[in-house]
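# A look at the structure
Now for the letters of each chain:
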Amino acid sequence: MTQNFAGAGAFIVQMFFGIYILLIVLRFLMQVSGANYYNPLCQAVVKITGPAIRPFQNFFPAIKGVDTATLIVAIIIQLIALMLIMLFAGGEIFLFRYILWSALGVVSLILDIYFFSLLIMVIASWIAPYSTHPALQLINQLSEPLCAFVRKFLPPMGGIDFSPILVFIVIRLIDKYLIVEPLAVMLGIPNGIMLGL
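Predicted model only: the values in this text are computed from it and were never measured. (Residues numbered from 1 in each chain as written. Predicted model: local features only at pLDDT ≥ 70, side-chain atom pairs only at ≥ 80, totals over all residues. Heavy atoms only, no water.)

On to the nonpolar core, then. Core analysis: the biggest nonpolar cluster contains 49 residues, and Val 25, Leu 29, Met 30 and Ile 193 have the highest contact counts within it. Those elements that provide at least two residues to this core are helix 1 (2-33), helix 2 (40-57), helix 3 (68-89), helix 4 (97-127), helix 5 (134-151), helix 6 (163-178) and helix 7 (180-187). Sorting elements by how many residues they give to this core places helix 4 first, with 12 residues. In this structure Ile 193 touches Gln 14, Leu 82, Ile 85, Met 86 and Trp 101, once residues within four positions along its chain are discounted. (Core = buried A, V, L, I, M, F, W, Y, C linked by side-chain atoms within 4.5 Å. Buried < 20%, exposed > 50% of the residue type's maximum accessible area, 1.4 Å probe, protein only. Helix = DSSP H or I, 4+ residues; strand = E, 2+ residues; numbered from the N terminus. Contact = heavy atoms within 4.5 Å.)

So this is what it looks like as structure tokens:
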């Protein structure tokens, strides 16, 4: 019975903290990609995540337009969630490696957001190519900088844009073979303990 309560507690932490971390990372990516802040979804994300980020912005200034405070808050909240999960699981509440686990979890989440944004963008280009829905506009703004960079080396051929395919491949290589998964194994991160991993 106690194990059931521990599992339920860990699930609730993963659910609520995971959603909030997702919104914070989304805010970070909106800043990096220069998304339109007049988009109602962008405004909602900024309003929801603002209270957690504002206190840190004085200590961690933006570097070349990148809001480091947002990224640091994402790692801190991921760390708090991880510590709560370990508390429910009966493990050590804090170890230094949890900071590394949290940072890697945020990196993995960034890659996941890009992956699914590209996937939705490709599907939407077939079924709703001229949609002005705020969600699709945000997804396009998030993924376009990656595709635009790839188009410099691989321009559209015969009217077909192959840049999303190449970006998919690069994300998959980084996530599964080059950085995230090898580091997760090396650091001993249990599967499914946090969003992104």
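Read on, since the account is not over.
This part takes up helix 5. Here helix 5 contains 18 residues, and its C-alpha end-to-end distance of 25 Å stays within 8% of the 26 Å for a straight helix at 1.5 Å per residue. At Glu 144, helix 5 shows its maximal kink, close to 40°; a proline, Pro 145, follows between one and four residues later. For helix 5, every residue scored as buried is listed here: Leu 136, Leu 138, Ile 139, Leu 142, Ser 143, Cys 147 and Val 150. (Expected span 1.5 Å × (residues − 1). Bend = angle between axes of the 7 residues up to and from the residue.)

What follows covers a nonpolar patch on the surface. Judged by side-chain polarity, Ile 165, Leu 166, Ile 169, Val 170, Leu 173, Tyr 177, Leu 178, Ile 179, Leu 183 and Met 186 come together as a nonpolar surface patch covering roughly 940 Å² of accessible area. Listing elements by their share of the nonpolar patch, those giving two or more residues are helix 6 and helix 7. By residue number, the principal contributor to the nonpolar patch is helix 6, which donates 7 residues. Exposure remark for Ile 179: the relative accessible area of 39% places this residue in the partly exposed category. (Patch = residues over 30% accessible without salt bridge, like charges linked within 9 Å, V, L, I, M, F, W, Y side chains within 5 Å. Areas by Shrake-Rupley, 256 points an atom, 1.4 Å probe, with all protein chains shown as cover. Salt bridge = Lys/Arg side-chain N within 4 Å of Asp/Glu carboxyl O.)

To continue, consider the environment of Ala 69. Summarising the element assignment, Ala 69 is placed in helix 3. As for Ala 69 and Phe 28, which are separated by 41 residues in sequence, their C-alpha atoms are 9.1 Å apart. Beyond its immediate chain neighbours, meaning those up to four positions away, Ala 69 contacts Ile 53, Phe 56, Gln 57 and Phe 60.

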